[in-house]
Amino acid sequence: MEKSSEFLRHEPCPNCGSKDNLARYTDGHAFCFGCSHWEPPTDGVLTAKTKMTTTNHNLSEYKEAEVQALTARGISEETCAIWGVRVGTFKGQRAHFYPYYRDGVVVGCKVRGPDKTFSWIGEAAPCLFGEHLWGKGKKIIVTEGEIDALTVSQVQGNKWPVVSVPGGAQGAKKAVAKALDYLCQFEEVILMFDMDEPGQKAAVECAEILPVGKAKIASLPEKDPNECLKAGKSDSIIQAIWNARPYRPDGILSGSEL
């Protein structure tokens, strides 16, 4: 797992049956971003001609899509334009495209279908969603999903750093570890994950791999930031940012924190 390898192509997942959620890498290992199925590295080195060939790597669906407000989610067209989020067609169905950048260029897109299925086109999970928008600073919020990142950004006027892990709670620890150098450019890393058990467990796991004193965990009155927005509780998101509790592995609280 510590050996470097490069993304090669998408394949069907033998565990969940997804047609292209399984990402195959040059050392042979694979990871499904739908169900977290993992396959270990092989002895040989794979090439682009080995086994199945990938499709949709030219990002044509994203290029043909348009910037639109995500009305059902309360996300404005302005926010989508800043983040590069588009609405278009994927496999004959209406879909949302969440772009991932490297060096200012879109290298991959997470695609959300109408039935809440997710696929990748281009490079799968190359970085944190929104990482290209922000440099170093005082604090950054990390959410569990792209919609939540858009939500937190919007309620702050799209002016303050927020990113999302690309694979939800199951892949959060791995994503934060991969982006550790980037996140450590900020004085505080506020983990605003879903308030359910998987989300809170992932928040603790991510906090544990960040430098001591850097991580904070936010609490919300609804399941996630977007649910707060839709419930008319945008102010609670801002309050959660300022009231986020510092994570300490020893669990000790000072008198002022009590």
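Conventions and cut-offs
Residues numbered from 1 in each chain as written. Predicted model: local features only at pLDDT ≥ 70, side-chain atom pairs only at ≥ 80, totals over all residues. Heavy atoms only, no water. Helix = DSSP H or I, 4+ residues; strand = E, 2+ residues; numbered from the N terminus. Buried < 20%, exposed > 50% of the residue type's maximum accessible area, 1.4 Å probe, protein only. Contact = heavy atoms within 4.5 Å. Pairing = 2+ DSSP bridges. Axes fitted to C-alpha atoms, helices over the stretch in contact; angles between N-to-C directions. Parallel < 35°, antiparallel > 145°, perpendicular 65-115°, else oblique. Nonpolar A, V, L, I, M, F, W, Y, C, P; charged D, E, K, R; others polar. Core = buried A, V, L, I, M, F, W, Y, C linked by side-chain atoms within 4.5 Å.

Asks: An account of the environment of Arg112 is requested, with residue identities and associated values reported.
Replies: Among the structural elements, Arg112 can be located in strand β7 (residues 105-112). Residue Arg112 is classed as buried on the basis of its relative accessible area of 14%. With sequence-adjacent residues up to four places away left out, Arg112 is seen in contact with Arg73, Arg94, Ala95, His96, Tyr98, Thr117 and Phe118.

Asks: Quick one: what's the story with the sheet that holds strand β1 (residues 7-11), residue by residue and with numbers?
Replies: Sheet architecture is open: 4 strands sit in the order β1-β2-β3-β4, paired in antiparallel fashion. The open sheet terminates on both sides in strands that have one partner only, identified here as β1 and β4 (38-39). Pairing between strand β3 (residues 30-32) and β4: 2 bridges, direction antiparallel. Its bridge partner being in β4, Phe31 is matched across the sheet by Trp38.

Asks: So what about the packing of helix α3 (residues 146-155) against helix α8 (residues 234-242)? Which residues, and what values?
Replies: Relative to each other, α3 and α8 sit at 90°, their axes nearing to 10 Å. Relative to α8, the element α3 is oriented roughly perpendicular. In contact with Thr151, Val152 and Val155 of α3, α8 contributes Ser234, Ile237, Ile238 and Ile241. Class assignment of the residues belonging to the contact of α3 with α8 gives a composition of 5 nonpolar, 2 polar and no charged.

Asks: Tell me what's going on with the pairing of strand β6 (residues 93-102), and back it up with residues and numbers.
Replies: Counted residue by residue, β6 has 7 buried out of 10 residues, so it is predominantly covered. The sheet contact formed by strand β5 (residues 86-90) and β6 spans 5 bridges and is antiparallel. Bridging across to β6, Gly88 finds its partner in Ala95. Counting the residues between successive antiparallel strands, the hairpin from β5 to β6 contains 2 residues, one of them, Lys91, with a positive phi of roughly 55°. Here 7 bridges tie β6 to β7, and the two strands are oriented antiparallel to one another. By the bridge assignment for β7, His96 is matched with Arg112. Hairpin connection from β6 to β7: 2 residues lie between these consecutive antiparallel strands, with Asp103 at a positive phi of about 55°.

Asks: Got a sec to walk through the pairing of strand β9 (residues 137-143)? Specific residues and values, please.
Replies: β9 sits mainly inside the fold: 5 of its 7 residues count as buried. Pairing of β9 with strand β11 (residues 186-192), which is carried by 6 bridges, proceeds in the parallel orientation. Bridge pairing links Ile140 to Val189 in β11. For β9 and strand β10 (residues 162-164), the ladder comprises 3 bridges, and the chain directions are parallel.

Asks: Residue-level account of the sheet that holds strand β12 (residues 215-217), with values.
Replies: Strand order in the open sheet formed by 5 strands is β10-β9-β11-β12-β13, with mixed pairing between adjacent strands. The sheet is open, and its two edges are formed by β10 and β13 (245-246), each paired on a single side. Relative to β12, β11 runs parallel, the two sharing 3 bridges. Following the sheet pairing, Leu191 is matched in β12 by Ile217. Along the sheet, α3 contacts β9, β10 and β11; its crossing angle with β10, the most-contacted strand, is approximately 170°. Along the sheet, helix α6 (residues 197-209) contacts β11, β12 and β13; its crossing angle with β12, the most-contacted strand, is approximately 165°.

Asks: So what about the nonpolar core? Which residues, and what values?
Replies: Grouped together as the largest cluster of nonpolar side chains are 59 residues, with contacts concentrated most on Leu70, Leu150, Leu183, Leu191, Met192 and Phe193. Looking at which element gives the most residues to this core, the answer is β11, with 5 residues. Filtering out sequence-adjacent residues up to four positions away, Leu183 remains in contact with Leu128, Ile140, Val142, Val176, Val189, Leu210 and Lys214. Of all hydrophobic cores here, the second largest spans 11 residues; its members include Tyr62, Phe97, Tyr101 and Cys109.

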